[in-house]
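Each chain, letter by letter, is given below.
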Amino acid sequence: MRRTAVVVAAVALLATACSSGESTNENRSGQTGFVSGNGNVSSFAAADRKPAPDFSGTTLDDKAWKLADHKGKVVVLNVWGSWCPPCRKEAPDLVAAHKQLGAGVEFIGLNTRDLDKAPAKKFVQEFGVGFPSLYDPSGKQLLGFRGQISPSSIPSTLVIDKDGKVASRVIGSVTTQTLLGMVKDAG
């Protein structure tokens, strides 16, 4: 009986530490935890779509970027961090989808919680990412998506339709095929 109580207590303690991210945060020199989703797609009928926030910022290569400049195009927004293992897993799929979709679809990354640009730039170079990423070390840009994606759900990918509304989202890693389908449905 006592052994069972110890096991139950240990499992409860472990579950609490994993869900809060506090233990991870304290040991990661300023990095924050993440909650990786299961990669399921949430799609929204055109009449039910909510506007994406009018986000903008400076890219990793110090260029200005704003969503408003891309009205009339489908936009793929991928939230990532160089410190995030699921982000590393999905990077080749994002690069492949970007190449397949071409100039007709605007891709933008939202690099979050990298406190220095160097690891983020290395990530981009390592995976051959050919689209820009906004640099958002504090997660401020991500907060604009409250109600659409959680600030701790990294990676996340949103497809924004030509009217600036969120057509679909994936919380967790996305695959090339899934992303191609999401963009097609946003049409």
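Look up a bit, the structure's there.
Here the structure is a predicted model, which means the values were calculated and not measured.

This paragraph deals with the packing of aromatic side chains. Taken as a whole, this structure holds five aromatic pairs when the rule is applied. Relative to Trp65, the ring of Phe55 has its centre 5.5 Å away and its plane inclined at 25°; by these criteria the two rings are stacked. Note that Phe55 is positioned in the loop between strand S1 (41-43) and strand S2 (56-58) and Trp65 in strand S3 (residues 64-66), a separation of ten residues in sequence. Comparing Phe55 with Trp65, the two get one shared label, buried. One aromatic cluster in this structure is built from Phe55, Trp65 and Phe145.

As a further point, take the environment of Val79. Structurally, Val79 is set in strand S4 (residues 74-80). If sequence neighbours within four positions are ignored, Val79 has contacts with Cys87, Leu110, Thr112, Leu142, Ile149, Ile154, Pro155 and Ser156.

The next thing to look at is unusual backbone geometry. The omega torsion across Ile154 and Pro155 is 0°, close enough to zero to call that bond cis. Note on placement: Pro155 falls in the loop between helix H5 (140-143) and strand S7 (156-160). Residue Asp62 is not a glycine yet carries a positive backbone phi of 65°. Relative to the helices and strands, Asp62 resides in the loop between S2 and S3. A positive phi is found at Arg113, a non-glycine position, where the angle reads about 65°. Mapped onto the fold, Arg113 is located in the loop between strand S5 (105-112) and helix H4 (117-127).

Of note, Glu106 is situated in strand S5. Exposure remark for Glu106: the relative accessible area of 15% places this residue in the buried category. Residues Glu106 and Lys73 lie 33 residues apart in sequence; the distance between their C-alpha atoms is 6.8 Å. Other than its neighbours up to four places away in sequence, Glu106 contacts Trp65, His70, Lys73, Val74, Val75 and Val76.

Before going further, it helps to examine helix H6 (residues 176-186). Turning to H6, its buried residues are Thr176, Leu179, Leu180, Met182, Val183 and Ala186. Down the axis of H6, the smallest arc covering the buried residues is 160°, so these residues share one side. Counted as exposed and oriented over 90 degrees from the buried face of H6: Gln177, Lys184 and Asp185. Contact partners of the buried residues in H6: S1, S4, helix H3 (85-101), S5, S7 and strand S8 (166-171).

Cut-offs applied
Residues numbered from 1 in each chain as written. Predicted model: local features only at pLDDT ≥ 70, side-chain atom pairs only at ≥ 80, totals over all residues. Heavy atoms only, no water. Phe/Tyr/Trp six-rings, centres within 6.5 Å; stacked < 30°, edge-to-face > 60°. Helix = DSSP H or I, 4+ residues; strand = E, 2+ residues; numbered from the N terminus. Buried < 20%, exposed > 50% of the residue type's maximum accessible area, 1.4 Å probe, protein only. Contact = heavy atoms within 4.5 Å. Arc of directions from axis to C-beta.

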